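A closer look at the structure
Each chain is listed here by its residues.
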Amino acid sequence: MVSIKSGRRRVVASAVSTLTAGLALGAFALTGTADGATDVGAAGGGPRVKPTVVLEHGAFADGSSWNGVITRLRADGYPVIATADPLRGPASDAAALRTVLGHIKGPKVLVGHSYGGSVISEAAAGDPDVKALVYVAAFLPAPGESALELTDKFPGSTLSDALDPVTYRQADGTAATDLYIRQDEFRHQFAADVPAGQAALMAAGQRPIAQAALVEKATVAAWKTKPSWDIVTTEDLNIPAAAQRFMAERAHAHTTEVAASHSVAVSRPRLVADVIERAARATVR
């Protein structure tokens, strides 16, 4: 028989242990200074270092688009950071991402959604601590290619008809244009398999991308030298599935196809987390 008093002690001890573990994982995510978590029970008898997973969102989204993926990765013991992509252009956005990567010790797996794929392809070049690249309904441009060029390479994108351009004056007096997706078109265009209420919140909180970013040409492609994984979304209205397949095949990426919208990280977070973990296990020891 278990006494109520001893049972309470065990419950309290368990709660403290759980809270401590949660705070430790939170510290990884907030500071990004960990050397990586260690899986003591790894196959093969020795410990396996778990890399920090760095998530880069794309246009018309923000870091919260990774929430479901983050929850699952953290539950499996991975340190995670979801960065803020400025969405101004691949070169400057990659420079911003490199400041985050430089702050993280140990091995990393870099994940990019949509336009974020262009950013990680540039930011990871020459970084030996980035062990794998994971592309999620994303661009994998070769040097000299732009996101717009790759989108238009195959038919199927309806993004241009859903855009709401906003032109403004920059500090130097020149004109620039930011692109949003019209809120009444957002779910159909970007997140058709996401519940309507959640898609409405995503539409309201979307971050615009500079129009110039979509025509800026890539200068380097990290996928040429680093192992890559790719999730191709066959119901995607932003980047046609044919364009995604073309880029994945060219990069010799380990490819997973899923009947999902462009917002697959929101609608299918477990699948996305599983692919990320597969990349981590295959490349980090």
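This one's a predicted model, so the numbers in the text were calculated from it and none came from an experiment. (Residues numbered from 1 in each chain as written. Predicted model: local features only at pLDDT ≥ 70, side-chain atom pairs only at ≥ 80, totals over all residues. Heavy atoms only, no water.)

**Comments concerning helix 3 (residues 90-101)**
- Helix length check: helix 3 (12 residues) gives 16 Å between terminal C-alpha atoms against 16 Å at 1.5 Å per residue, within 8%.
- Here helix 3 has its buried residues at P90, D93, A94, L97 and L101. Buried residues of helix 3, seen end-on, are gathered within an arc of 100° and therefore sit on one face of the element.
- Turning to helix 3, the residues buried within the fold contact strand 3 (52-56), strand 4 (80-83), strand 5 (108-113), helix 4 (116-123) and strand 6 (130-136). (Helix = DSSP H or I, 4+ residues; strand = E, 2+ residues; numbered from the N terminus. Expected span 1.5 Å × (residues − 1). Buried < 20%, exposed > 50% of the residue type's maximum accessible area, 1.4 Å probe, protein only. Arc of directions from axis to C-beta. Contact = heavy atoms within 4.5 Å.)

**Quick look at the pairing of strand 8 (residues 175-181)**
- Buried residues dominate strand 8, accounting for five of its seven residues.
- Between strand 7 (residues 163-169) and strand 8, which pair antiparallel and follow one another directly, the connecting turn spans five residues, one of which, G173, has a positive phi of 90°.
- Summarising the sheet, strand 8 and strand 9 (residues 209-210) pair through two bridges and their orientation is antiparallel. Bridge pairing in strand 9 links L179 to I209. (Pairing = 2+ DSSP bridges.)

**Details of unusual backbone geometry**
- One non-glycine residue with positive phi stands out, namely L87, at about 60°.
- With respect to the helices and strands, L87 occurs in the loop between strand 4 and helix 3.
- On the basis of relative accessible area, L87 is assigned to the buried category, the value being 0%.
- Within the chain, S114 stands out as a residue other than glycine whose phi angle is a positive 60°.
- Examined against the element boundaries, S114 turns out to sit in the loop between strand 5 and helix 4.
- Residue S114 is classed as buried on the basis of its relative accessible area of 5%.

**Some remarks on empty space enclosed by the protein**
- Applying the stated rule across the entire model yields two cavities of 30 Å³ or more.
- Every residue lining the largest cavity is listed: A61, S65, H113, F190, M202, S263, A265 and V266.
- The residue inventory of the lining of the largest cavity, partitioned by class, reads five nonpolar, three polar and no charged.
- For the second largest cavity, the full set of lining residues is P90, S118, P141, E145, S146, A147, A213, L214, E216, K217 and A218.
- A breakdown of the residues in the lining of the second largest cavity according to their chemical character gives six nonpolar, two polar and three charged. (1 Å grid on protein atoms, 1.4 Å probe; cavity = no way out; pocket = protein on both sides within 12 Å on 5 of 7 lines; lining within 4 Å. Points joined across faces, edges and corners; volume = space filled by probe spheres on them. Nonpolar A, V, L, I, M, F, W, Y, C, P; charged D, E, K, R; others polar.)

**With respect to the pattern of salt bridges**
- Per the stated rule, a full pass over the model turns up 10 salt bridges.
- Between K108 and D129 there is a salt bridge, with its nearest N and O atoms 3.9 Å apart. Of this pair, K108 sits in strand 5 while D129 is found in the loop between helix 4 and strand 6, placing the two residues 21 residues apart along the sequence.
- Residue D129 is classed as partly exposed on the basis of its relative accessible area of 33%. (Salt bridge = Lys/Arg side-chain N within 4 Å of Asp/Glu carboxyl O.)

**What to know about the nonpolar core**
- Judged by nonpolar contacts, the single largest core of 48 residues is most densely connected at F60, L97, L110, L133, I181, I209 and W223.
- Ignoring sequence-local partners within four residues, the contact set of I181 consists of F60, L159, A162, L163, F186, Q189, F190 and Q206.
- The next biggest cluster of nonpolar side chains, apart from the first, holds 25 residues, and it includes V53, L55, V69 and L73. (Core = buried A, V, L, I, M, F, W, Y, C linked by side-chain atoms within 4.5 Å.)

**Re the sheet that holds strand 7**
- Ordered in space as 7-8-9, the three strands form an open sheet in which the pairing is antiparallel. One side of each edge strand has no neighbouring strand; the edge strands of this open sheet are strand 7 and strand 9.
- Sheet topology places strand 7 next to strand 8; seven bridges connect them, and they run antiparallel. Paired with T167 across the strands is T177, a residue of strand 8.

**Some details on the packing of aromatic side chains**
- Applying the stated criterion across every chain yields a total of three aromatic pairs.
- Where F60 meets F190, the ring centres are 6.2 Å apart and the plane angle is 85°; that geometry is what we call edge-to-face. In this pair, F60 is assigned in the loop between strand 3 and helix 2 (67-75) and F190 in helix 7 (residues 183-190), connecting sequence segments 130 residues apart.
- Ring plane angle 50° and centroid distance 5.9 Å describe the contact between F154 and F246, whose orientation is recorded as tilted. Taken as a pair, F154 in the loop between helix 5 (147-151) and helix 6 (159-162) and F246 in helix 9 (residues 241-250) lie far apart in primary sequence, 92 residues in all. (Phe/Tyr/Trp six-rings, centres within 6.5 Å; stacked < 30°, edge-to-face > 60°.)

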